[in-house]
Amino acid sequence: MPRSKEIQEQMRTEVIEIYQSGKGYKAISKALGLQRTTVRAIIHKWQKHGTVVNLPRSGRPTKITPRAQRRLIREDTKDPRTTSKELQASLASIKVSVHDSTIRKRLGKNGLHGRCPRRKPLLSKNIRARLNFAKKHLNDCQDFWENTLWTDETKVELFGRQMSRYIWRKRNTAFQKKNIIPTVKYGGGSVMVWGCFAASGPGRLAVIDGTMNSTVYQKILKENVRPSVRQLKLKRSWVLQQDNDPKHTSKSTSEWLKKNKMKTLEWPSQSPDLNPIEMLWHDLKKAVHARKPSNKAELQQFCKDEWAKIPPERCKRLIASYRKRFIAVIAAKGGPTSY
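Residues numbered from 1 in each chain as written. Predicted model: local features only at pLDDT ≥ 70, side-chain atom pairs only at ≥ 80, totals over all residues. Heavy atoms only, no water.

Engineer: Is there a simple way to explain the overall build of the chain in this structure?
Structural biologist: For the chain, the count of helices and strands is 15 helices and four strands. What you see for the chain is a C-alpha radius of gyration of 34 Å, clearly larger than the 20 Å of a compact globule of 339 residues, by over 25%. Its C-alpha atoms put the chain at 110 × 50 × 45 Å along the principal axes. Of all 339 residues assigned to the chain, the portion counted as buried reaches 36%. The long-range fraction of contacts in the chain, counting pairs at least 24 apart against all pairs at least 6 apart in sequence, stands at 71%. For the chain, the computed accessible surface area is about 22900 Å², with 52% contributed by carbon and sulfur atoms. The centroid of the 71 positive side-chain charges in the chain is displaced by 8 Å from the centroid of its 28 negative side-chain charges. (Helix = DSSP H or I, 4+ residues; strand = E, 2+ residues; numbered from the N terminus. Rg over C-alpha atoms; globule rule 2.2 N^0.38 Å. Buried < 20%, exposed > 50% of the residue type's maximum accessible area, 1.4 Å probe, protein only. Contact = heavy atoms within 4.5 Å. Areas by Shrake-Rupley, 256 points an atom, 1.4 Å probe, with all protein chains shown as cover. Lys, Arg positive; Asp, Glu negative; His and termini not counted. Charge placed at Lys NZ, Arg CZ, Asp CG, Glu CD.)

Right under this line is the structure:
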């Protein structure tokens, strides 16, 4: 039998007024055209709670018992990669049958939300080295970091950045031309660039032709490091920062650096979060792709143009807050940080 329409509050008030005047259930039912059981329920509620307004209702009881909820949280905390379908099967093993959307809602109410995992370098033996490096340099004077030339290489793809976007569209229009992102085999090309910067601003940017090896790397250093040092007005005690890529630490490169009297900063492996140039790479790629290069020649030129446009103030802020990176590494006990 379908549920009847809810009795309005004004009608319930009239039931109580008539009841208070001395009338019985039968007379009230006949006068207002209500079922006798309805009249009785209204009066009993008024006698118990002193009101005829709607009280908070519990709603449908949840199928997820406290035990099942503890199981969900325990399994999800132990392995965050567990899917809602796998959790659904786990609950079914203890005879709790719920939809996977119910599981997601329950996890959300307990502060566990679905998110895309951040990509970070795999750290194992490097954790101790990262922690020791952060502790050793935590209290170094700011002048030391301002007199450091930060270097790195990165690949800028022609169409790579366009792959991570959202669009607004109607149903059944997914394959309309305006709603798709055209792809090109092998990314349509890319360029590898080497760059450097200091607290005083961006240094030179070099485009790497072909495969990069120790010989090519040494040539890049020869043509770009000292001109950048002079351009950025670093002091005579300047230090070169580079990561532990095999091309950077090879025997021939080490000898070349020693011969050319370039002092390098010791560096823990797998630590891009400690190199502030990564933030400038992000700025560069964003600016380059905003100009929509159509071929590799334009891509190279746009990289050089946008690198030169990086404000010195941006570089200065990155180095001014460098100590915070050490604090984050120490707080993470050498593990990944938010940088």
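Engineer: Sorry, what's going on with the side chain of aspartate 273 here?
Structural biologist: Examined against the element boundaries, aspartate 273 turns out to sit in the loop between helix H11 (251-259) and helix H12 (277-290). A distance of 2.9 Å separates a polar atom in the side chain of aspartate 273 from a polar atom in the side chain of arginine 130. Residues within four places of aspartate 273 in sequence aside, it is in contact with Arg130, Arg325, Val329, Thr337 and Tyr339. (Polar contact = N/O pair within 3.5 Å; in protein donor to acceptor, adjacent residues only side chain to side chain.)

Engineer: Please explain H12 as it appears in this structure.
Structural biologist: Each turn of an α-helix holds 3.6 residues, which means side chains three or four residues apart point in the same direction. For H12, which comprises 14 residues, the first-to-last C-alpha distance of 20 Å matches the rise-based estimate of 20 Å (1.5 Å per residue) to within 8%. Taken together, the buried positions of H12 are occupied by Ile277, Leu280, Trp281, Leu284, Val288 and His289. Projected onto a plane normal to the axis of H12, the buried residues spread over an arc of 155 degrees and lie on a single side. As for H12, its buried residues are in contact with strand E1 (148-157), strand E2 (190-198), strand E3 (201-208), helix H13 (296-308) and helix H14 (312-320). Phi turns positive one or two residues past the end of H12, at lysine 292, with a value near 55 degrees. (Expected span 1.5 Å × (residues − 1). Arc of directions from axis to C-beta.)

Engineer: So what exactly am I meant to see when it comes to the UniProt feature "domain: Transposase Tc1-like" (unreviewed entry) in the chain here?
Structural biologist: When the UniProt feature table is mapped to this numbering, "domain: Transposase Tc1-like" (unreviewed entry) covers residues 69-139. Taken end to end, residues 69-139 is 58% helix and 0% strand, and its two terminal C-alpha atoms sit 47 Å from one another. (UniProt positions renumbered as here; feature names shortened; annotations may be inferred.)

Engineer: Would you mind showing me how to read the pattern of salt bridges here?
Structural biologist: A side chain of one charge can pair with a side chain of the opposite charge if their charged atoms are brought near each other. Within the structure shown, the criterion is met by 11 salt bridges. Arginine 130 is the partner of aspartate 273 in a salt bridge, and the nearest nitrogen-oxygen pair spans 2.9 Å. Linking aspartate 273 in the loop between H11 and H12 with arginine 130 in helix H7 (residues 126-137), this pair joins segments that are 143 residues apart in sequence. When its relative accessible area of 7% is taken as the criterion, aspartate 273 is described as buried. Here glutamate 306 makes a salt bridge to lysine 309, at a shortest N to O gap of 3.5 Å. (Salt bridge = Lys/Arg side-chain N within 4 Å of Asp/Glu carboxyl O.)

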